[in-house]
Amino acid sequence: MNAGLIWAQTLDGVIGADNAIPWRLREDMAHFKATTLGHPVVMGRKTWDSLPPRFRPLFGRRNIVVTRDPQWVAEGAERAGSIAQALELAGDPLEPAGPAAAAWVIGGGEIYRAALGYATTLSVTEVDSTVKGDIYAPTLGPTWKVAEDQGWQSSASGLRYRIRKYTR
Ligand code: VY7
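The present account deals with the structure reproduced in this document. (Residues numbered from 1 in each chain as written. Predicted model: local features only at pLDDT ≥ 70, side-chain atom pairs only at ≥ 80, totals over all residues. Heavy atoms only, no water.)

## A short note on the site of the ligand
Next, step 1: Neighbouring residues of the ligand: 17 residues in total, closest Ile6, Trp7, Asp28, Arg61 and Ile106.
Next, step 2: Residue arginine 61 places a side-chain N or O atom 2.7 Å away from an oxygen atom belonging to the ligand.
Next, step 3: For the ligand, a nitrogen atom lies 3.4 Å from a polar atom in the side chain of tyrosine 112.
Next, step 4: Surface burial for the ligand is 87%, taken as the share of its 610 Å² of free accessible area covered by protein chains.
Next, step 5: Counting residues per element, the ones that place at least two in the shell around the ligand are strand S1 (3-10) and helix H1 (26-36). (Near = heavy atom within 4 Å. Polar contact = N/O pair within 3.5 Å; in protein donor to acceptor, adjacent residues only side chain to side chain. Areas by Shrake-Rupley, 256 points an atom, 1.4 Å probe, with all protein chains shown as cover. Helix = DSSP H or I, 4+ residues; strand = E, 2+ residues; numbered from the N terminus.)

## Comments concerning helix H3 (residues 83-90)
Next, step 1: Taken together, the buried positions of H3 are Ile83, Ala86, Leu87 and Ala90. One side of H3 holds all its buried residues, which, seen down the axis, span an arc of 95°.
Next, step 2: Contacts made by the buried residues of H3 are with S1, strand S3 (41-44), strand S4 (63-66), strand S5 (77-80), strand S6 (103-107) and helix H4 (109-115). (Buried < 20%, exposed > 50% of the residue type's maximum accessible area, 1.4 Å probe, protein only. Arc of directions from axis to C-beta. Contact = heavy atoms within 4.5 Å.)

## Regarding the side chain of serine 155
Next, step 1: Following the sequence through the fold, serine 155 ends up in the loop between strand S10 (153-154) and strand S11 (160-167).
Next, step 2: Of the residues examined, serine 155 reaches a relative accessible area of 5% and is grouped as buried.
Next, step 3: At a separation of 2.7 Å, a polar atom in the side chain of serine 155 contacts the side chain of serine 157.
Next, step 4: Apart from the residues within four sequence positions on either side, serine 155 is in contact with Leu25, Glu27 and Tyr161.

## A closer look at the environment of asparagine 19
Next, step 1: With respect to the helices and strands, the residue asparagine 19 is situated in the loop between strand S2 (14-16) and H1.
Next, step 2: Residue class for asparagine 19 comes out partly exposed when judged on its relative accessible area of 44%.
Next, step 3: Sequence-wise, asparagine 19 and glycine 107 are 88 residues apart; in three dimensions their C-alpha atoms are separated by 11 Å.
Next, step 4: Contacts of asparagine 19, omitting those with residues within four sequence positions, involve Lys46, Asp49 and Ser50.

## Section: the pattern of salt bridges
Next, step 1: Inspection of every chain in the model, using the stated rule, returns 7 salt bridges.
Next, step 2: For glutamate 110, the salt bridge goes to arginine 68, with nearest N and O atoms at 3.4 Å. Within this pair, whereas glutamate 110 is found in helix H4, its partner arginine 68 is found in the loop between S4 and S5, the two being separated by 42 residues in sequence.
Next, step 3: According to the relative accessible area criterion, glutamate 110 is partly exposed, its value standing at 46%.
Next, step 4: A relative accessible area of 71% means that arginine 68 is categorised as exposed.
Next, step 5: As a salt-bridge pair, glutamate 126 and arginine 164 come within 3.4 Å of each other at their nearest N and O atoms. Note that glutamate 126 is positioned in strand S7 (residues 119-127) and arginine 164 in strand S11, a separation of 38 residues in sequence. You'll find glutamate 126 and arginine 164 in the same group, each marked buried.
Next, step 6: What emerges from the salt-bridge pattern is a single network uniting Glu126, Asp149, Arg162 and Arg164. (Salt bridge = Lys/Arg side-chain N within 4 Å of Asp/Glu carboxyl O.)

## Some words on the pairing of S6
Next, step 1: The element S6 is largely enclosed, with a buried count of 5 among its 5 residues.
Next, step 2: As paired elements, S1 and S6 share 3 bridges and run parallel to each other. Looking at the pairing, alanine 3 lines up with alanine 103 of S6.
Next, step 3: Relative to S6, S3 runs parallel, the two sharing 3 bridges. The residue of S6 that forms the bridge with methionine 43 is glycine 107. (Pairing = 2+ DSSP bridges.)

Interpretation note: all reported values are geometric properties and have no functional meaning in isolation.
In structure tokens form, the structure reads like this:
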């Protein structure tokens, strides 16, 4: 199954602090929603827990949650025991075939590191902020190349950001 990873990070690579995203950027949330809508999303159990309950499951997407706990269940979510299993589930023939069916891995830190080897595309939002955090984006090897760069933009909140796509 063709997989993409999507995350937002500070310039130093921070993606999370205390199980939350340590900034608010509406434009990035809109980008996240537009990119993932209609695709299966794969996330770790901590990321599922981090979503405000009213947004769970993420609307208009199959929500596949990776956890080692075989008893874990949540309404609106499918459980997978590993990234490999999650991507296998995402490629289920119930899903429309073709490249449009690609799954998006939406976090968090541990899941990105485990999923990077399966990915063919990355969507990375860089946020021009230097907030402290305890969860980091995965380190990209030299095979990843920037394929698209929308350039620095200013959000309504004043925070600068840029959205880049990588392929390999
Ligand atoms: C995760 C939320 C977190 C807190 C409050 C609301 C990029 C992002 C993520 C994950 C941004 C989030 C939300 C926003 C999305 C809405 C539902 C409510 C939706 C990521 N580049 N940016 N993220 N929601 N993996 N990658 O904000 O979600 O999509 O329906």
